[in-house]
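Examination of the molecular architecture
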Amino acid sequence: MNRRDFLKNALTFAALAPLARLIAREGADGDKIFDLRTGSQVSRRRFRNTALTVPLLGFGMMRLPQKNGGIDSQMVRKMFDAAMKAGCNYFDTAYMYHGGDSEKIAGELLRKYPRDSYYLTSKMPSWIAGSEKGVERLFQEQLERCKTEYFDFYMLHALDATNWELSQKYRALDFLKEMKKQGKIRRLGFSFHDTPEVLQTIVKAHDWDFAQIQLNYLDWELYRSKEQYEILTKEGIPVIVMEPLRGGSLSSLTPEATAILRKSAPEASNSAWALRYVASLPNVLCVLSGMTLMEHLQDNLKTFSPLKPLSEPERKVLEEALAAYRKRLAVPCTACKYCIPCPVGVEIPRIFGIYNQYKINGNQWLFRNNYNAIPADARASECVSCGKCAKHCPQKINIPAMLHKIAGEVK
Ligand code: SF4
Ligand code: SF4
């Protein structure tokens, strides 16, 4: 499509869209950019083949600024205003973020904007709902907290094999489908934390509008995010990215990895590299960043205004930095899978991936959760030290020794 056709179509779409006041123009990278009459620059992506466009940068509301033991609402107000002004009008909250205060502050602060000028997203935690009635009650509570009549995007929260089972038990998907029919949910998806195998099952269960997955350049192989991205892309399901900075660890990196990035682009932050990496993937609709400081927002807006996809030479630089960073990981496993199948069925790369993630972010809860999701007969403690796997490992990892170490730590 040439520029003229694109603009013609975009303007036709814009006339039909709820965001009719937006004016379309084309970004240097071919991305669609829509101005909120304020001269905003944030790159946007079209939602499937509809008139809807979503900013590539979304405001994650899980790590809002704090003051005196609560959310610093004055600072959040300033950040929301700056985000809206720049066209970053996608806000992602959830029932339990900040103990429920995240949803409340979304309702309080976004109210001053026309409802059709921003997107509000929340999620259904089936494990908290606890029953069919609980799902209904909780959804109603979320609408009230957010002071809204509908959610633009809504998800089954944190699906893994266990939560998927729970949401089926409580008929959460049926209820949410009904809410969609009633217009209280505009687009229905799920957020996900498990293996590509579990993802396949969930993807087949419904005609999802979108999915939210953990995606960043470290997890691309380590956490099997690549496989997850490919499954969703094959199914035509747009991807919303969470943890693009891996809980902030890709912002700080190691001195060696940072030096490599600085040498290539002295002005660019480590975060900018990580965000550009995920946003360069064509099936990514929106990249969520949990912004705690105004400086985070400003740096992110700079990165996305407009987005410059990573060039091939830049990818090579990032690969080099990643290699330097990985040297510091607890287990230098690349998830190549040459070591499997293990004769007794130990899921070696999966265990190492989870363990590395834990060593980087220190999140014990997440580690236990992910580790317990591995079937009992495939865990580290099942290794009988036959040594077959280690012979195949290109990284020369002493696999049985490492598994015993992990099994000991789990105990
Ligand atoms: S050493 Fe342990 S993990 Fe490796 S193949 Fe033998 S039993 Fe499996
Ligand atoms: S062969 Fe080595 S690097 Fe590859 S998945 Fe197994 S442990 Fe990891």
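Residues numbered from 1 in each chain as written. Chains lettered and ligands numbered in written order. Predicted model: local features only at pLDDT ≥ 70, side-chain atom pairs only at ≥ 80, totals over all residues. Heavy atoms only, no water.

Attention shifts here to the pattern of salt bridges. This model, assessed by the stated rule, comprises 24 salt bridges. Between Glu141 and Arg145 there is a salt bridge, and its shortest N-O distance comes to 3.3 Å. Note that Glu141 and Arg145 are positioned in helix H5 (residues 132-145) at a spacing of four residues, about one turn of the helix. Residue Arg145 is classed as buried on the basis of its relative accessible area, which comes to 13%. Linking Asp174 and Arg171 is a salt bridge whose minimum nitrogen-to-oxygen distance equals 3.2 Å. Taking relative accessible area as the criterion, Arg171 reaches 45% and is therefore assigned partly exposed. In the salt-bridge network here, residues are joined through shared partners; they are Glu103, Arg137, Glu141 and Arg145. (Salt bridge = Lys/Arg side-chain N within 4 Å of Asp/Glu carboxyl O. Helix = DSSP H or I, 4+ residues; strand = E, 2+ residues; numbered from the N terminus. Buried < 20%, exposed > 50% of the residue type's maximum accessible area, 1.4 Å probe, protein only.)

Turning next to the state of the cysteines. For the structure on display, the rule yields zero disulfides. With no disulfide partner, Cys286 has as its closest neighbouring cysteine sulfur the one in Cys88, 7.5 Å distant. Take Cys286: its relative accessible area is 0%, and that puts it in the buried class. (Disulfide = S-S within 2.5 Å.)

Turn by turn, an α-helix covers 3.6 residues, leaving residues three or four places apart pointing in a common direction. When we look at burial in helix H8 (residues 196-205), the residues that qualify are Pro196, Val198, Leu199, Ile202 and Val203. For H8, the angular spread of the buried residues around the axis is 150 degrees, confining them to a single face. In this structure, the buried residues of H8 make contact with strand S10 (151-159), helix H6 (161-169), strand S11 (185-192) and helix H10 (225-234). (Arc of directions from axis to C-beta. Contact = heavy atoms within 4.5 Å.)

To continue, consider helix H15 (residues 312-326). For H15, spanning 15 residues, the distance from its first C-alpha to its last is 21 Å, which sits close to the expected 21 Å at 1.5 Å a residue. Taken as a whole, H15 has its buried residues at Val317, Leu318, Ala321, Leu322, Ala324, Tyr325 and Arg326. (Expected span 1.5 Å × (residues − 1).)

This brings us to the site of ligand 1. Every residue lining ligand 1 is accounted for by Cys342, Pro343, Val344, Ile348, Cys383, Val384, Ser385, Cys386, Gly387, Cys389, Pro400 and Leu403. Within the shell around ligand 1, the residues separate by chemical class into 10 nonpolar, two polar and no charged. (Near = heavy atom within 4 Å. Nonpolar A, V, L, I, M, F, W, Y, C, P; charged D, E, K, R; others polar.)

We now examine the packing of helix H2 (residues 73-85) against helix H14 (residues 294-303). Where H2 meets H14, the axes come as close as 10 Å, and the angle between the chain directions of the two elements is 10 degrees. On the basis of their axis angle, the class for H2 and H14 is roughly parallel. Facing H2, whose interface residues are Met75, Lys78, Met79, Ala82 and Ala83, H14 presents Met294, Leu297 and Leu301. Residue composition of the contact of H2 with H14, grouped by class: seven nonpolar, no polar and one charged. (Axes fitted to C-alpha atoms, helices over the stretch in contact; angles between N-to-C directions. Parallel < 35°, antiparallel > 145°, perpendicular 65-115°, else oblique.)

For the rest of this paragraph, the subject is the confidence of the model for the chain. In the predicted model, the chain carries a mean pLDDT of 88, and the fraction of residues at 70 or more is 90%. This model gives residues 1-38 a pLDDT under 50, and the stretch forms 75 contacts once residues within four places in sequence are excluded. (pLDDT = per-residue confidence, 0-100.)

The next point concerns the nonpolar core. With 93 residues, the main nonpolar core has Phe59, Phe139, Leu156 and Phe190 as its most contacted residues. The residues contacting Phe190, other than those within four sequence positions of it, are Met155, Leu156, Leu159, Leu199, Ile202, Val203, Trp208, Phe210, Ala211, Gln212 and Leu232. Judged by nonpolar contacts, the second largest core, of 26 residues, contains Ile354, Ile374, Met402 and Val410. (Core = buried A, V, L, I, M, F, W, Y, C linked by side-chain atoms within 4.5 Å.)

To continue, consider the layout of surface pockets. In this structure, the largest pocket encloses a volume near 1100 Å³. As for the largest pocket, its lining consists of 44 residues, and the residues nearest its centre are Met62, Arg63, His193, Met242 and Glu243. If you list the elements that add at least two residues to the lining of the largest pocket, you get S10, H6, strand S12 (210-214), strand S14 (284-290), H14, helix H16 (348-361) and helix H17 (364-372). Along the lines of polarity and charge, the residues of the lining of the largest pocket split into 14 nonpolar, 22 polar and eight charged. Per-domain counts for the lining of the largest pocket show at least three residues from each of domain 1 (54-319) and domain 2 (348-410). Around the second largest pocket, the lining is made up of 26 residues, and of these Thr195, Arg224, Glu347, Pro349 and Arg350 lie nearest the centre. Put simply, the parts of the chain that give the lining of the second largest pocket at least two residues each are helix H9 (219-222), H16 and H17. With five residues, H16 is the largest single contributor of residues to the lining of the second largest pocket. For the lining of the second largest pocket, the per-class residue count stands at 12 nonpolar, seven polar and seven charged. (1 Å grid on protein atoms, 1.4 Å probe; cavity = no way out; pocket = protein on both sides within 12 Å on 5 of 7 lines; lining within 4 Å. Points joined across faces, edges and corners; volume = space filled by probe spheres on them. Domains from an automatic or database assignment.)

Take the sheet that holds S12 next. An order of S5-S8-S9-S10-S11-S12-S13-S14 is seen for the eight strands of this closed barrel, with the pairing classed as parallel. The mean inter-strand angle of the sheet, taken between neighbouring strand axes irrespective of direction, is 30 degrees. Sheet analysis places strand S8 (residues 90-92) next to strand S9 (residues 119-124), joined by three bridges and oriented parallel. If you follow Phe91 over to S9, its bridge partner there is Leu120. (Pairing = 2+ DSSP bridges.)

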